[in-house]
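Structure assessment
Single-letter residue listing:
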Amino acid sequence: AAATAHPLRASASPGPPLALALALSLAREQHRSAKETMAVFFGREASLEVKVHPLVPLSILDHYQRRESTQGRVIGTLLGKISDNCVEITNCYAVRHAEPEDFSKMALGRELNAQMCELTTRVAKREVIVGWYSTTIPGVNFPSNNVVVHAFYCEQADNPVILTVDTRLETDEIVVNAFTVAPIVLEGEGVGNILKEHTVITEMGPQERICVDKMITGGIVPSVRSNNALSPEMPVDGSLSRTEDVLEKLLGMLTAVSGYVDDVVAGRREPDNEVGALIAASMASVPRLRPELFQRSFADSVQDMLMVDFLASLTKTQLEIAERINASL
């Protein structure tokens, strides 16, 4: 019976037939070859994480609102920081441009872009050009003259990010998309480019979060849960009375924490390891200063805050005067 067995059957093993094993091996090889071909064809660029601060889309929307009536979209420069597989976009500014309705040509304000970049980097020396932005155009996915814009920004940055903002605002969210241009390589030669979309993450610092909360809640900072009870909501204004409110709130939180520690030490309350770790981390972050040094440092901080408040009021007044002069012209 063994002599008359089919030549493609493995008589010594109960596994699958040899023909099936060969077919599976060939399929795996073809799948591996296809993956390598696609990797070569579209490049081996690692996925990029794009972090966008709230100021950026709001500034873009403000630029769009102030555009000329003949413009269908606005274009500008993105500033930020670049790290490993991460681009953090912290600021932006507008760039004048002119284009026909068929998007066949493009004229950019190169000199204005250079001046704005120089002035901006004087204030924030760590920020560099990381890409450019454009508002969306209804019915047009990607205008052909974007190639001219991207070529210009390729001279300013390596692999610049393209940020698009949907100005229709049909939902409760601001739709922001980020792209980079990846080369299409075939047999070692570039044959074109393709847009590669990346994940957009909203990055907010403590100051930005306060402003965003104020915008969302209509000028009221959300209440903070303290000692299993909600503290009263606190209005945010631009006056110095806000400092007194913050200090009173800080004193209340210190009193609540001190009461929690006393209750745990006295055995009136069960200890919580997570709360204890947070308290220890907070205490470790406070610098140890002598009382006279602390008072001097606090007085200096108050003087700095008063100066900033004065300069902010002065700047606001100058902007209002400039807007009235421009409106009269």
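In what follows, the accompanying structure is described. For clarity, every value in this text was computed on a predicted model and none was experimentally measured. Along each chain, numbering runs from 1 in the same order as the chain's sequence is written. Owing to the predicted nature of the model, reporting of local features is limited to residues with pLDDT of at least 70; listing and counting of side-chain atom pairs is limited to 80 or more, with chain, interface and lining totals taken over all residues. Side-chain measures here rest on the full set of heavy atoms in the structure, leaving out hydrogens and waters.

1. Regarding the environment of Val264
Here a strand is any run of E in DSSP of at least two residues, a helix any run of H or I of at least four, and the numbering for each starts at the N terminus. Counting through the fold element by element, Val264 comes out in helix 6 (residues 241-266). Should any heavy atoms of two residues lie within 4.5 Å, those residues are counted as being in contact. For Val264, the residues in contact, after removing those within four places along its chain, are Arg269, Glu270 and Pro271.

2. What about the environment of His150?
Looking at the secondary structure, you find His150 in helix 4 (residues 146-154). Sequence separation between His150 and Val161 is 11 residues, and the spatial gap between their C-alpha atoms is 9.1 Å. The residues touching His150, leaving out its near neighbours within four places in the chain, are Trp132, Pro160, Ile162 and Val181.

3. Quick word on the sheet that holds strand 6 (residues 128-135)
Strand pairing is assigned whenever DSSP detects at least two bridges linking the two strands. Reading around the circumference, 1-3-2-6-7-8-9 is the order of the seven strands in this closed barrel, with mixed pairing throughout. Neighbour to neighbour, the strand axes of the sheet diverge by 35° on average, direction disregarded. Of the strand pairs in this sheet, strand 1 (residues 49-52) and strand 3 (residues 86-95) are connected by four bridges, and their pairing is parallel. Bridging across to strand 3, Glu49 finds its partner in Cys86. In this analysis an axis means a line fitted to C-alpha atoms, helices contributing only their contacting stretch, and an angle means the value between N-to-C directions, from 0 to 180 degrees. Against the sheet, helix 3 (residues 110-123) touches strand 2 (75-83), strand 3 and strand 6, its axis set at about 125° to strand 3.

4. Side note on the nonpolar core
Generally speaking, nonpolar side chains in soluble globular proteins are found buried as a group. Put simply, buried Ala, Val, Leu, Ile, Met, Phe, Trp, Tyr and Cys residues joined by side-chain atoms within 4.5 Å make one nonpolar core. Partly exposed residues are those whose accessible area sits between 20% and 50% of the maximum for their type, while under 20% is buried and over 50% is exposed, using a 1.4 Å probe and protein chains only. Membership of the largest hydrophobic core comes to 19 residues, with the highest contact counts inside it found for Val56, Ile60, Leu78, Ile89, Tyr133 and Leu163. Elements with a contribution of two residues or more to this core: strand 1, helix 2 (55-65), strand 3, strand 6, strand 7 (161-165) and strand 8 (176-186). Examining the composition of this core, we find that four residues originate from one element, helix 2, more than from any other. Counting residues in each nonpolar core, the second largest holds 14 residues, with Val95, Leu108, Ile129 and Tyr153 among its members.

5. So, the packing of aromatic side chains
Aromatic pairing here means that ring centres of Phe, Tyr or Trp (its six-membered ring) are within 6.5 Å. Orientation follows from the plane angle: under 30 degrees is stacked, over 60 is edge-to-face, and everything else is tilted. Using the criterion set out here, one finds two aromatic pairs in the structure. Taken together, a centroid distance of 6.2 Å and an interplanar angle of 15° make the contact between Trp132 and Tyr153 stacked. Of this pair, Trp132 sits in strand 6 while Tyr153 sits in helix 4, and the two are 21 residues apart along the sequence. Both residues of the pair, Trp132 and Tyr153, count as buried. With 5.0 Å between their ring centres and 75° between their planes, Phe152 and Tyr153 make a pair best called edge-to-face. One aromatic cluster in this structure is built from Trp132, Phe152 and Tyr153. Counted as over-ring charges are cases with an Arg CZ or a Lys NZ within 6 Å of the ring centre that also lie within 35 degrees of the ring normal. The ring of Tyr64 carries the charged tip of Arg67 above its face, separated from the ring centre by 3.8 Å.

6. What to know about the pattern of salt bridges
Between Lys or Arg on one side and Asp or Glu on the other, a salt bridge is scored when a side-chain nitrogen of the former is within 4 Å of a carboxyl oxygen of the latter. With the rule as written, the count across this model stands at six salt bridges. When the shortest N-O distance is used, the salt bridge between Glu118 and Arg122 registers 3.1 Å. Taken together, the positions of Glu118 and Arg122, both in helix 3 and four residues apart, correspond to about one turn of that helix. Between Asp166 and Arg168 there is a salt bridge whose closest N-O contact spans 2.9 Å. In this structure Arg168 comes out as partly exposed when scored by relative accessible area, which is 48%.

7. Regarding helix 3
A helix is expected to span 1.5 Å multiplied by its residue count minus one. With 14 residues, helix 3 extends 21 Å from end C-alpha to end C-alpha; this agrees with the ideal 20 Å at 1.5 Å per step. Burial in helix 3 covers these residues: Asn113, Cys117 and Thr120. Projected down its long axis, helix 3 carries its buried residues within an arc of 75°, all on one side. Within helix 3, the exposed residues directed more than 90 degrees away from the buried face are Glu111 and Arg122. Next to the buried residues of helix 3 lie strand 2, strand 3, strand 6 and helix 4. Directions drawn from the helix axis to the C-beta atoms are what define this arc.

8. Some words on the pairing of strand 2
Note: strand 2 against strand 3, nine bridges, orientation antiparallel. Bridging across to strand 3, Lys81 finds its partner in Glu88. Where strand 2 hands over to strand 3, the hairpin turn is made up of two residues, of which Asn85 adopts a positive phi near 55°. In the sheet, strand 2 pairs with strand 6 via six bridges, with the strands oriented antiparallel.

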